[in-house]
Amino acid sequence: MAVQVNYKTVDNLVGVWCEWVKLEWKHKNFTGATELMRRPTAEPPVEVKLKVVTDGIQPVQMGLHKSLTLWTFYADLEESLDTELDSGEFWALFGGFAPIAKKIMKRGDTVDENIEKIKNLDVELSRYKEQIKKTR
């Protein structure tokens, strides 16, 4: 299967997943597309993490669930279907608030690499909310 190949970067693997989901979408299999997106965005099970530690080789699949590109694609998919993500995983990944993707996302970025940007956006969002409260 194409998603099990050990790609050079997480971004290469993200591209494969996104194309697969787009294919499902084009065939009007909307439920299948959303079910498919749950797989790469789920954190790997403990058994898999232990195997990686034991083997000493970390495949790119281990970092797939942290990809901002993948999560943004997932959020866009859910939004286009007028549904919400089933759990708080997406928002918890960003510290409990919705980030402004255009400001933090670059090709291949992960949440770990952008945590400072995300925290700064949280501060900006809090200030903005306070300004709105003052105008009411």
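Here, every reference points to the structure presented above.
Rules used in this analysis
- Residues numbered from 1 in each chain as written.
- Predicted model: local features only at pLDDT ≥ 70, side-chain atom pairs only at ≥ 80, totals over all residues.
- Heavy atoms only, no water.
- Helix = DSSP H or I, 4+ residues; strand = E, 2+ residues; numbered from the N terminus.
- Buried < 20%, exposed > 50% of the residue type's maximum accessible area, 1.4 Å probe, protein only.
- Contact = heavy atoms within 4.5 Å.
- Salt bridge = Lys/Arg side-chain N within 4 Å of Asp/Glu carboxyl O.

Observations regarding the overall build of the chain
- Summing up its helical and strand segments, the chain has seven helices and zero strands in all.
- Starting at the N terminus, the α and β elements of the chain follow one another as α-α-α-α-α-α-α.
- Within the chain, the fraction of its 136 residues that count as buried is 31%.
- Intrachain contacts of the chain at a sequence separation of at least 6 include 58% that bridge at least 24 residues.

Some details on unusual backbone geometry
- For lysine 28, which is not glycine, the phi torsion reads 60° and is therefore positive.
- Tracing the chain through its elements places lysine 28 in the loop between α1 (10–26) and α2 (30–41).
- For lysine 28, a relative accessible area of 64% gives the class exposed.

Structural notes on the pattern of salt bridges
- Tallied over the entire structure, the rule returns four salt bridges.
- Glutamate 43 is the salt-bridge partner of lysine 49, the closest N and O atoms lying 2.5 Å from each other.
- The class for lysine 49 is partly exposed, based on a relative accessible area of 31%.
- Taking the relative accessible area as the measure of exposure, glutamate 43 reaches 52% and is therefore exposed.

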